[in-house]
Amino acid sequence: MSTTEPNSESLFERGMQVRRRVLGDEYVDAAMAETDPLTTAFQPFMTSYCWGEIWTDDTLPPRERSLIVLSITAALGRMGEFEIHTRGALRNGVTPTSCSPC
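Keep in mind that what you see is a predicted model, and the values were worked out from it rather than measured.

Once that is clear, we can look at a nonpolar patch on the surface. On the surface, a nonpolar cluster with roughly 390 Å² of combined accessible area is contributed by F42, F45, Y49 and I54. Classification of F45 by relative accessible area gives partly exposed; the value is 46%.

In structure tokens:
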């Protein structure tokens, strides 16, 4: 779904649907429950913008988007995030041979 199309769902609602589909309910529930004064404001922003605005834009398929996220998190050395996004990438159609040289 492109974010330029009119839709009655808010960016937060659409983002939460995608976030749960990619990362899984257990992870999202834990992330939403473990808030502090900083993350209380950050969680809705991240869900609306990153997941609702970016991940619902149909310019890239979820598989390719996942490969980009894995590349960025690996380059940044964010192994905890890499692990959770690897599980999401598998849900989005990435396979162990998706990244092998042609």
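Our focus in this paragraph is the packing of helix α4 (residues 62-75) against helix α5 (residues 79-91). Interaxial distance between α4 and α5 falls to 9 Å at its minimum, and their mutual angle equals 165 degrees. Classified by the angle between their axes, α4 and α5 sit roughly antiparallel to one another. The two elements α4 and α5 cross, and the hand of that crossing is left-handed. For the pair α4 and α5, the contacting residues are S66, V69, L70, T73 and A74 in the first and E81, F82, H85, T86, G88 and A89 in the second. Here the contact of α4 with α5 is built from residues that sort into five nonpolar, five polar and one charged.

Residues M16, V18, V22, L23, V28, M46, W51, W55, V69 and I84 constitute the largest nonpolar core, which totals 10 residues. Elements with a minimum of two residues in this core: α1 (11-23) and α3 (37-54). Element by element, the count of residues in this core is highest for α1, at four residues. V28 has contacts with M16, R19, R20 and L23, leaving out every residue within four places of it along the chain.

The next thing to look at is the layout of surface pockets. The method is simple in principle: a probe with the dimensions of a water molecule rolls over the atoms, and the space it marks as empty is what remains. For the largest pocket, the calculated volume is near 500 Å³. Residue lining of the largest pocket: 23 residues in total, with M46, C50, V69, E81 and H85 positioned closest to the centre. For the lining of the largest pocket, the elements supplying multiple residues, two or more each, are α1, α2 (25-33), α3, α4 and α5. Among the elements that line the lining of the largest pocket, the one with the most residues is α3, at seven residues. Counted by class, the lining of the largest pocket contains 15 nonpolar, four polar and four charged residues.

Time to look at the pattern of salt bridges. Side chains that carry opposite charge are capable of pairing whenever their charged atoms lie near each other. By the definition in use, this model includes five salt bridges. The salt bridge partner of R20 is D29, with a shortest N-O separation of 2.7 Å. A relative accessible area of 27% places R20 in the partly exposed class. Judged by its relative accessible area of 38%, D29 is partly exposed. Residues R87 and E83 are paired through a salt bridge, measuring 2.7 Å at the closest nitrogen-oxygen approach. Residue R87 and its partner E83 are located together in helix α5, separated by four residues, close to a single helical turn. Judged by its relative accessible area of 46%, E83 falls in the partly exposed class. Sharing partners across several salt bridges, the network here consists of R20, D25 and D29.

What counts, and where the lines are drawn
- Residues numbered from 1 in each chain as written.
- Predicted model: local features only at pLDDT ≥ 70, side-chain atom pairs only at ≥ 80, totals over all residues.
- Heavy atoms only, no water.
- Patch = residues over 30% accessible without salt bridge, like charges linked within 9 Å, V, L, I, M, F, W, Y side chains within 5 Å.
- Areas by Shrake-Rupley, 256 points an atom, 1.4 Å probe, with all protein chains shown as cover.
- Salt bridge = Lys/Arg side-chain N within 4 Å of Asp/Glu carboxyl O.
- Buried < 20%, exposed > 50% of the residue type's maximum accessible area, 1.4 Å probe, protein only.
- Axes fitted to C-alpha atoms, helices over the stretch in contact; angles between N-to-C directions.
- Helix = DSSP H or I, 4+ residues; strand = E, 2+ residues; numbered from the N terminus.
- Parallel < 35°, antiparallel > 145°, perpendicular 65-115°, else oblique.
- Left-handed = near helix turned anticlockwise from the far one by under 90°.
- Contact = heavy atoms within 4.5 Å.
- Nonpolar A, V, L, I, M, F, W, Y, C, P; charged D, E, K, R; others polar.
- Core = buried A, V, L, I, M, F, W, Y, C linked by side-chain atoms within 4.5 Å.
- 1 Å grid on protein atoms, 1.4 Å probe; cavity = no way out; pocket = protein on both sides within 12 Å on 5 of 7 lines; lining within 4 Å.
- Points joined across faces, edges and corners; volume = space filled by probe spheres on them.

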